[in-house]
Amino acid sequence: MKDLINQRNARVMMIVAMSIFGTIGFITYHIDLPSSIIVLFRGTIGASFMLILIYAMGSRLSKDDIYSNMFTLICSGICLGLNWLFLFEAYKTIAISEATVLNYLTPALTILATPIFLKQKVPFFKLGCALTALLGLVMVSGIIENGMDVDVYGISCGVLAAVFYTGMILFNKKLKSIGSYDRTFVQLLVASVLVMAYSTFTVDMSLLSFDGFTIGLLVMLGILQTAIAFTLYFGSLAYLDAPDAAILGYIEPILGVLLSIVFLHEDLGPIGWVGAAIIIGSTFIPELIDRFRAKDSDNGNRTA
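Residues numbered from 1 in each chain as written. Predicted model: local features only at pLDDT ≥ 70, side-chain atom pairs only at ≥ 80, totals over all residues. Heavy atoms only, no water.

Undergrad: What should I look at first to understand the overall build of the protein in this one?
TA: On a plain count of helices and strands, the protein comes out with 15 helices and 0 strands. If one aligns the C-alpha atoms of the protein with their principal axes, the spans along those axes are about 70 × 55 × 35 Å. Going through the 304 residues of the protein one by one, you find that 48% of them count as buried. Taking all contacts inside the protein whose residues are at least 6 apart in sequence as the whole, residues at least 24 apart take part in 87%. Carbon and sulfur atoms make up 66% of the accessible area of the protein, which amounts to about 14,900 Å² in all. Computing the positive centroid from 18 side-chain charges and the negative centroid from 21, the protein places the two 15 Å apart. (Helix = DSSP H or I, 4+ residues; strand = E, 2+ residues; numbered from the N terminus. Buried < 20%, exposed > 50% of the residue type's maximum accessible area, 1.4 Å probe, protein only. Contact = heavy atoms within 4.5 Å. Areas by Shrake-Rupley, 256 points an atom, 1.4 Å probe, with all protein chains shown as cover. Lys, Arg positive; Asp, Glu negative; His and termini not counted. Charge placed at Lys NZ, Arg CZ, Asp CG, Glu CD.)

Undergrad: Sorry, what's going on with the nonpolar core here?
TA: Nonpolar side chains tend to gather and get buried jointly when the protein is soluble and globular. Grouped together as the largest cluster of nonpolar side chains are 75 residues, with contacts concentrated most on I31 and F88. Per-element accounting of this core gives the leading share, 9 residues, to helix 5 (residues 70-93). Dropping the residues within four chain positions of it, I31 is found in contact with I38, K92, T214, L217, L218 and L221. (Core = buried A, V, L, I, M, F, W, Y, C linked by side-chain atoms within 4.5 Å.)

Undergrad: Could you clarify how one ought to interpret the environment of G249 in this entry?
TA: Structurally, the position occupied by G249 is in the loop between helix 13 (242-248) and helix 14 (251-262). Separated by 16 residues in sequence, G249 and Y233 place their C-alpha atoms 9.7 Å apart. Excluding anything up to four places from it in sequence, G249 contacts M18 and Y104.

Undergrad: It is not clear to me how helix 7 (residues 106-118) should be interpreted in this structure. Could you clarify?
TA: An α-helical turn contains 3.6 residues, so any two residues separated by three or four positions project in the same direction. With 13 residues, helix 7 should cover 18 Å at 1.5 Å per step; its first-to-last C-alpha distance of 16 Å lies more than 12% under that length. For helix 7, every residue scored as buried is listed here: T106, A108, T110, I111, A113, T114 and L118. K119 sits one or two residues past helix 7 and shows a positive phi near 55°. (Expected span 1.5 Å × (residues − 1).)

Undergrad: Looking at this structure, how should I read the environment of G222?
TA: Inspection of the secondary structure puts G222 in helix 12 (residues 212-237). Taking relative accessible area as the criterion, G222 reaches 0% and is therefore assigned buried. For the pair G222 and F26, spaced 196 residues apart in sequence, the C-alpha separation works out to 14 Å. Apart from residues no more than four positions distant in its own chain, G222 is found in contact with R42, I45, G46 and A227.

Have a look at this one:
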């Protein structure tokens, strides 16, 4: 992977990774299986293929680093598994575009949770933008247009997906001295074990049927949308600064929404689309402002 990703192509690789992530909802739409089974195959195939990638690149898992972070890794892996379960359940019950936007409440929730769980100061401007995202949530949910005649279950799944995604991010920030691939493999493994236990008690495996098309999509979801995408993502992070990585991360929800509009002909309605723009824009705008400020600061230092 060191030969594949470097300073020159890191931005391109990040764009590729986020574009791949953006297709997950569209692929899931075409898999006629319970959400937990889709997640189970995604995690299992993804973890297995990632382990192969690690050894194929001449690397090894660091047992010492993993053991020293085991509790946090397990908590993060549980959050990842629950994020997948709720997100894929949302994909199955509400519009793909709606589920995608709701899951992207994560940046706003992370901003709101940072002062509480990480004891870090967050500018009032960012806190205000994050709170604005909650207004977007109300608009996307359809409550304004339809009253209480909305899919409460599906919307709740989308919001809970964002909550547990936020939890995964916060736990990852507490990890110390562990490589990107080590942490990703262990989290995928923990998520897979969690989903396997859940599926054992909630799904009648004898009723499941797999055709060639479904198997192909599951394999692609595990290898391309999980193992390869995560590998490109974490490999690129090593060469990109935080503002660049954050801004490029918005490719995922935007592409996911566009695919649902063009190919699935979904429509959130005028108020819903405004809400979607508010949710995405509420954290994109602060990142963009931070980026401009950083550039101005660099230019000022060079002039001085």
